[in-house]
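# Coordinates in review
Chain by chain, the residues:
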Amino acid sequence: MNRNVATIPQDLIAALKKAKHVVVFTGAGVSAESGIPTFRDSLTGLWERFNAEDLATPGAFRKDKELVWGWYEWRRMKVLQAQPNPAHIAIAALATLVPKLTIVTQNVDDLHERAGSTDVLHLHGSLHSPRCATCGQAHILPPGIPVEPEGGRRLSPPVCICGGLVRPGVVWFGEDLPVRELRQAFEAAQKCDVLFAIGTSGLVQPAARIPSLAKQAGACVVQVNPTSTGLDRECTWSVRGAAGEIMPNLLQAAFGRTA
Ligand SMILES: [Zn+2]
């Protein structure tokens, strides 16, 4: 089989082998390799006549809570039907091969965790950690994969013990990113030796600052992406291709390990 696998620069392998703290910053491209549609692409099928403002804002939830909860439960169902891909698995393995590794993700799924990663910093929240919209109490979802509401999209959100409604645990348009996660991500970017930006266009602020903070602090910035992105000029190296091929190859090249 003649596969066109990107060559991994020798300098990158050397930098990774001696790195003391690695940051892995992931975006939608990594989830897409598991078949999870990106945010925009998830507005298809039942949802194609909607736009983000109908579904992903605090105002949308106030206006039509069943519609919004139904969409997020549908997306959570899609995630739970998907599996971590070789990139998630290689990243989890990398954590056992370097002294310190911090995962920062823009993704709202749990694929890093299901691949075995812990302490993942979710900058945009998670589909799997809903909370009360009134008191903030975390809400435990029933185990298993949610079922599609019969004959439609609408689903009533659970009610908290305080009487408030449970809302999705994601960051909506018009909301701030979680302060603790963002602070920890910025700190890690400023302290690391090597930062990987994988499957992210790096355009959405304030998360887009993460690669530039690492670069300013003297770290090597490695982009792994099939296409050119806004991050190109921040990067020490850009490795073009699927993360699910490149990350396992990199692990093999640097540590002689398969994930
Ligand atoms: Zn409550």
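To keep things clear, this report deals only with the structure shown in the data block. Given the structure is predicted, the values throughout are model-derived calculations rather than measurements.

Let us look at the pattern of salt bridges. Applying the stated criterion across every chain, the model contains 9 salt bridges. Across the pair Arg154 and Asp64 runs a salt bridge, and its minimum N-O distance is 2.6 Å. Remark: Asp64 occurs in the loop between helix 4 (58-63) and helix 5 (65-81) and Arg154 occurs in the loop between strand 4 (125-132) and strand 5 (166-170); sequence separation between them is 90 residues. Relative accessible area serves as the criterion here: at 47%, Arg154 is assigned to the partly exposed category. Of the residues examined, Asp64 reaches a relative accessible area of 18% and is grouped as buried. Two residues, Arg167 and Glu175, come together in a salt bridge whose shortest N-O distance is 2.7 Å. With relative accessibility at 6%, the residue Arg167 sits in the buried group. Glu175 gets classed as partly exposed once you look at its relative accessible area, which sits at 24%.

Thresholds, definitions, all that
- Residues numbered from 1 in each chain as written.
- Predicted model: local features only at pLDDT ≥ 70, side-chain atom pairs only at ≥ 80, totals over all residues.
- Heavy atoms only, no water.
- Salt bridge = Lys/Arg side-chain N within 4 Å of Asp/Glu carboxyl O.
- Helix = DSSP H or I, 4+ residues; strand = E, 2+ residues; numbered from the N terminus.
- Buried < 20%, exposed > 50% of the residue type's maximum accessible area, 1.4 Å probe, protein only.

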